[in-house]
Amino acid sequence: MFFETGFRKKIININQSVDRTKKTITLNWDYAEKEIEKFIIYRAKLTEPLTIIKTVTSASVSFEDNTLNIGNTYEYRIKAIYNNGAESIISDAVIVEY
């Protein structure tokens with residue numbers, strides 16, 4: 001019998017970079033787990049609730065956000081979804097001032 005806990009390790013290695021000339025914020029992450037179907041990326045302005053802004057394939061380990069407004073502080077979080085439907089715990093917040 002196979003026991004499924006329902007949750008997997010959260011993504012902990014998330015790096016961010018801001019490019020004001022290209023008007024983008026880029027997130028890069030490492031996640032060594034196997035059998036990932038997709039990553040869900042969440043974003044919120046600092047005083048607003050998180051919303052899903054993008055779902056990327058398991059082959060992606062980066063995301064470039066170009067729907068930004070200058071003078072805002074953004075919070076990003078990422079969650080992995082496995083092939084069997086299990087989910088990782090949502091990552092800790094990555095706070096970026098733009």
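Throughout what follows, the structure given in this document is the object of discussion. (Residues numbered from 1 in each chain as written. Predicted model: local features only at pLDDT ≥ 70, side-chain atom pairs only at ≥ 80, totals over all residues. Heavy atoms only, no water.)

Examining the overall build of the protein
Piece 1. Within the protein, the regular secondary structure consists of 0 helices and 9 strands.
Piece 2. Put simply, the protein runs from its N terminus to its C terminus through helices and strands in the order β-β-β-β-β-β-β-β-β.
Piece 3. Its C-alpha atoms give the protein principal-axis dimensions of about 55 × 25 × 20 Å.
Piece 4. Within the protein, the fraction of its 98 residues that count as buried is 34%.
Piece 5. Across the protein, the fraction of contacts at a sequence separation of at least 24, relative to all contacts at a separation of at least 6, is 58%.
Piece 6. Carbon and sulfur atoms form 50% of the exposed surface of the protein, whose accessible area is close to 6,300 Å².
Piece 7. Distance from the positive charge centre (13 side chains) to the negative charge centre (13 side chains) of the protein: 3 Å. (Helix = DSSP H or I, 4+ residues; strand = E, 2+ residues; numbered from the N terminus. Buried < 20%, exposed > 50% of the residue type's maximum accessible area, 1.4 Å probe, protein only. Contact = heavy atoms within 4.5 Å. Areas by Shrake-Rupley, 256 points an atom, 1.4 Å probe, with all protein chains shown as cover. Lys, Arg positive; Asp, Glu negative; His and termini not counted. Charge placed at Lys NZ, Arg CZ, Asp CG, Glu CD.)

Things to note about the side chain of T26
Piece 1. Topologically, T26 is positioned in strand β3 (residues 24-30).
Piece 2. Ignoring anything within four residues of it in the chain, the contact list for T26 reads N15, Q16, S17, F63 and E64.

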